[in-house]
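# Topology and contacts: notes
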Amino acid sequence: MTKKFLIAIPVRDFVNPMSRLDKILSTSKRIELSKAMLLNIVESFKDDHVEIVCVSSDSLVKEFCNQNNIKIFSSTKTGINEELEDALNSIDYDFWTICHADLPYINKFFANEWINQCKQSDIIICSSKDNGTPLLGGSKRVHHLYYGKNSFEKHIKMFQEKNLDIKISFNKEFSFEIDDEDDFLEFQKNTPRWFKGVSI
């Protein structure tokens, strides 16, 4: 029997996404970029044994997911950590990953590589340039999350206290997020294939 892999993708909203780019991209263009990146993440991880769930309570995100046949998990709880914890505790799976939707360089190859590493690891984690946690997953279940400021260090500390084996991945594809103007300018120098159809 094939074991089940869960990909949980938190998306805050499609009202004012990627707000740190507001000086160089209009709201409508930031929304279009956010939607395109979400679709790329979903397409990259899509497989028969993978359940992909967008975790959001935003009505516009729900509408977009329904239009694109993406499963949505809406928690009654408030806050990214509480909503993701609710999803992880409510869905049946053997392996899991929480993937931020603003990782532009994920493709089929790297998604498969990540899934294989998760299956072989208690915990595998990446750090963004601001000490965030863009990708996190593994074979061991967790019940608490610490997204927010310095989440990478907080997650590492928690896993160490639980005596879990931790693998840190330094792949740029797993850690580069479009979070601010510098990121977007760097991204524009090396745009992936999915971006060709985005009118920005």
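Data block above holds the structure.
Here goes a summary of the coordinates provided. Fair warning: this is a prediction, and the values are worked out from it, not measured in the lab.

Take the pattern of salt bridges next. Going through the model one piece at a time under the given rule, you end up with eight salt bridges. A salt bridge links Asp180 to Lys129; the shortest N-O distance between them is 2.9 Å. You can see Asp180 sitting in the loop between helix 6 (172–175) and helix 7 (181–189) and its partner Lys129 sitting in the loop between strand 5 (123–125) and strand 6 (135–138), a full 51 residues away along the chain. Between Lys172 and Glu186 there is a salt bridge; the shortest N-O distance is 2.8 Å.

Turning our eyes to something else, we now look at the environment of Pro134. Positionally, Pro134 belongs in the loop between strand 5 and strand 6. Among the residues examined, Pro134 registers a relative accessible area of 0% and is labelled buried. Spatially, the C-alpha atoms of Pro134 and Thr191 are 19 Å apart, while their sequence positions differ by 57 residues.

It is worth spelling out the sheet that holds strand 7 (residues 166–168) at this point. Within a beta sheet, neighbouring strands are joined by backbone hydrogen bonds and run either parallel or antiparallel to one another. Reading across the sheet, the seven strands line up as 3-2-1-4-6-5-7 and stay open at both edges, with mixed pairing between neighbours. The open sheet has two edge strands, strand 3 (71–73) and strand 7, and neither has a second partner. Ignoring which end each strand starts from, the neighbouring axes of this sheet average 20° apart. As paired elements, strand 5 and strand 6 share three bridges and run antiparallel to each other. Each residue of the ladder has a partner; that of Ile123, found in strand 6, is Gly138.

Following the sequence through the fold, Ser151 ends up in helix 5 (residues 151–161). The contacts of Ser151, once residues within four sequence positions are left out, are Asn131, Gly132, Thr133 and Tyr146.

The rules we used
Residues numbered from 1 in each chain as written. Predicted model: local features only at pLDDT ≥ 70, side-chain atom pairs only at ≥ 80, totals over all residues. Heavy atoms only, no water. Salt bridge = Lys/Arg side-chain N within 4 Å of Asp/Glu carboxyl O. Helix = DSSP H or I, 4+ residues; strand = E, 2+ residues; numbered from the N terminus. Buried < 20%, exposed > 50% of the residue type's maximum accessible area, 1.4 Å probe, protein only. Pairing = 2+ DSSP bridges. Axes fitted to C-alpha atoms, helices over the stretch in contact; angles between N-to-C directions. Contact = heavy atoms within 4.5 Å.

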